[in-house]
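Summary of structural features
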Amino acid sequence: MRLTVEVGRLKSETGEVTVTVYPSDPSRFLAPRGKLLRLRVPASAPTTEACFNLPKADIYAVAVYHDANGNHDFDRNGVGLPTEGYGFSNDAPSRFGVPSFDSARFSVKSGENTIRVRMRYGK
């Protein structure tokens, strides 16, 4: 199974885009050491792609962030709000904290699969 993640609406080509794939276990979504796979790819505005070979057809979720300064960390300000762009599969809403696994989950079938994620930036 191959998954291509197309991350759109990047504001710049600085740094990297980090794309993380989570398995079907909802308790692992966004949890420390919960990831299945992660790629860091050079940012390419307005769209960056990352490709994964997945172990099986299943349910997955994806989280992305634009690591503009290349420090391999998702930076936040003093009150905990993101200072770098981010997004989730299904463009799952995250207005009041992180989205649920159910809002970000998607199915991967045998063969080629593509999802699109829109990068969001704070105001």
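See the structure printed just above.
So, here's what we can say about the structure. Note that the structure is predicted; figures quoted are calculated from it, not measured.

1. Observations regarding the packing of aromatic side chains
Scanning the entire structure with this criterion turns up six aromatic pairs. Both rings, one in Tyr65 and one in Phe74, keep their centres 5.4 Å apart while their planes meet at 55 degrees; by these two values the pair is tilted. By the ring-pair criterion, three or more aromatic residues cluster together here, those being Tyr22, Phe29, Tyr65, Phe74, Tyr86, Phe88 and Phe101.

2. Description of the side chain of His66
Checked against the element boundaries, His66 lands in strand 5 (residues 58-67). Look at His66 and you get buried, because its relative accessible area is 2%. For His66, the side chain forms a polar contact with the side chain of Tyr121, separated by 2.8 Å. Those residues in contact with His66, other than ones at most four positions away along the chain, are Leu10, Ser12, Thr14, Glu16, Val17, Ala43, Glu84, Gly85, Met119 and Tyr121.

3. Observations regarding unusual backbone geometry
Across the junction of Ala45 and Pro46, the peptide omega takes the value 0 degrees, indicating a cis bond. Residue placement: Pro46 occurs in the loop between strand 3 (37-42) and strand 4 (48-53). The phi dihedral of Leu30 is positive, around 65 degrees, even though this residue is not glycine. With respect to the helices and strands, Leu30 occurs in the loop between strand 2 (16-22) and strand 3. According to the relative accessible area criterion, Leu30 is partly exposed, its value standing at 29%. The phi dihedral of His72 is positive, around 60 degrees, even though this residue is not glycine. Checked against the element boundaries, His72 lands in the loop between strand 5 and strand 6 (86-88). Owing to a relative accessible area of 43%, His72 belongs among the partly exposed residues under this scheme.

Reading the values: rules and limits
Residues numbered from 1 in each chain as written. Predicted model: local features only at pLDDT ≥ 70, side-chain atom pairs only at ≥ 80, totals over all residues. Heavy atoms only, no water. Phe/Tyr/Trp six-rings, centres within 6.5 Å; stacked < 30°, edge-to-face > 60°. Helix = DSSP H or I, 4+ residues; strand = E, 2+ residues; numbered from the N terminus. Buried < 20%, exposed > 50% of the residue type's maximum accessible area, 1.4 Å probe, protein only. Polar contact = N/O pair within 3.5 Å; in protein donor to acceptor, adjacent residues only side chain to side chain. Contact = heavy atoms within 4.5 Å.

Bear in mind that shape data such as this cannot, by itself, settle questions of function.
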